[in-house]
Amino acid sequence: MRFVLYLLMMITVALSVGFGLSYYALTDGRLFGAVQVGPWIAWPDVGAAAPNPYTRSLLSREASLQLGQAEGLRFTASVDADDRPLSRDCSYRIRGKTPLATGWTLVALDADGRNVAAPDAEPAMRSSGLARPNNGAIDIAVGTGLMPGNWLELTGDGPFTLVLSLYDTAVFSGFSSDESMPTISRGNCS
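Residues numbered from 1 in each chain as written. Predicted model: local features only at pLDDT ≥ 70, side-chain atom pairs only at ≥ 80, totals over all residues. Heavy atoms only, no water.

**Looking at the sheet that holds strand β6 (residues 125-126)**
Whether parallel or antiparallel, the strands of a sheet pair through hydrogen bonds between backbone atoms.
Alright, step 1. Strand order in this open sheet of 6 strands is β1-β2-β3-β9-β5-β6, and the pairing throughout is antiparallel. At either margin of the open sheet sits one strand with a lone partner, and together these are β1 (35-37) and β6.
Alright, step 2. Relative to strand β3 (residues 72-77), strand β2 (residues 40-42) is paired through 2 bridges, and the arrangement is antiparallel. Paired with Ala42 across the strands is Phe75, a residue of β3. (Pairing = 2+ DSSP bridges. Helix = DSSP H or I, 4+ residues; strand = E, 2+ residues; numbered from the N terminus.)

**Quick look at unusual backbone geometry**
Alright, step 1. The phi torsion at Asp83 lies on the positive side, around 65°, for a residue other than glycine.
Alright, step 2. Judged by its relative accessible area of 58%, Asp83 falls in the exposed class. (Buried < 20%, exposed > 50% of the residue type's maximum accessible area, 1.4 Å probe, protein only.)

**So, the packing of aromatic side chains**
Centre distance and the angle of the planes are the two values used to describe a pair of aromatic rings.
Alright, step 1. Counting across every chain of the model gives 1 aromatic pair.
Alright, step 2. Measuring from ring centre to ring centre gives 5.8 Å for Tyr92 and Phe160, while their planes differ by 70°; the resulting arrangement is edge-to-face. Here Phe160 lies in the loop between β8 (150-153) and β9 (161-169) and Tyr92 lies in strand β4 (residues 90-96), a separation of 68 residues in the sequence.
Alright, step 3. By relative accessible area, which is 3% here, Phe160 ends up buried. (Phe/Tyr/Trp six-rings, centres within 6.5 Å; stacked < 30°, edge-to-face > 60°.)

**Focus on the pairing of strand β7 (residues 138-143)**
Alright, step 1. Burial runs high along β7: 5 of the 6 residues are buried.
Alright, step 2. Sheet topology places β7 next to β8; 4 bridges connect them, and they run parallel. The residue of β8 that forms the bridge with Ala141 is Trp151.

**Here's the deal with the pattern of salt bridges**
Alright, step 1. Applying the stated criterion across every chain, the model contains 7 salt bridges.
Alright, step 2. One salt bridge in this structure joins Asp112 and Arg114, with 3.2 Å as the shortest N-O distance. (Salt bridge = Lys/Arg side-chain N within 4 Å of Asp/Glu carboxyl O.)

**Observations regarding the nonpolar core**
Alright, step 1. Core analysis: the largest hydrophobic core is formed by 27 residues, its most contacted members being Trp40, Trp104, Leu106, Ile140, Val142, Phe160 and Leu162.
Alright, step 2. When residues of this core are traced back to their parent elements, those giving at least two are β2, β3, β4, β5 (101-109), β7 and β9.
Alright, step 3. Ignoring anything within four residues of it in the chain, the contact list for Trp40 reads Val35, Phe75, Thr76, Ala77, Leu106, Leu162, Leu164, Met181, Pro182 and Ile184. (Core = buried A, V, L, I, M, F, W, Y, C linked by side-chain atoms within 4.5 Å. Contact = heavy atoms within 4.5 Å.)

**Looking at the sheet that holds β7**
Alright, step 1. Spatial strand order, β8-β7-β4-β10: 4 strands in an open sheet with mixed pairing. Both outer strands of the open sheet, β8 and β10 (183-189), are each paired with one neighbouring strand and no more. Across the sheet, the mean angle separating the axes of adjacent strands is 25° when strand polarity is ignored.
Alright, step 2. Across 5 bridges, β4 lies against β7 in antiparallel orientation. The partner of Tyr92 across the bridge, within β7, is Val142. (Axes fitted to C-alpha atoms, helices over the stretch in contact; angles between N-to-C directions.)

**Regarding the confidence of the model for the chain**
Alright, step 1. Averaged over every residue, the pLDDT of the chain is 80; the share at 70 or more is 72%.
Alright, step 2. When pLDDT is averaged over each element of the chain, β4 comes out on top at 96 and helix α2 (residues 53-62) at the bottom at 54.
Alright, step 3. Within the model, the stretch residues 174-178 combines pLDDT values under 50 with 8 contacts to residues more than four positions away or in other chains. (pLDDT = per-residue confidence, 0-100.)

See below:
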């Protein structure tokens, strides 16, 4: 009798762990198909001819047009460098260098994928339109309040996600350190 109870308990644990990990892999999957560098997350197999099952799950969930592997790579960040969720109640600074690419764009999206740039502002920051120091680093202010320098002006309140799309890049050849991606630092919050 004990053996049967022990066996039922082990089967229950195995099924719970198995279904739990499967659910995680199919709903988030960052441990399986994504690459994370600091707060930035990318799915390198998104544009592949035969993406891995976890990437296919992401594509099914998002149902959005993605860049092909030869076109570029999209990084997203929904937290800052200290792992706090991005909120339009706060201001942020994005500083550092981006991986080598022909060009890039930076947009802020809400949970439904809508651009949250202010109506009279540019909807995205573009690599071609930035003022930069001689070392080529970027320094971009993000938030709803007026900020000096390169500013991605947002509107509304609530959480948001930053999307950095690199075009014509070979980012994952020799790419391994956090220094290759810009940092996201939180400023003042209202």
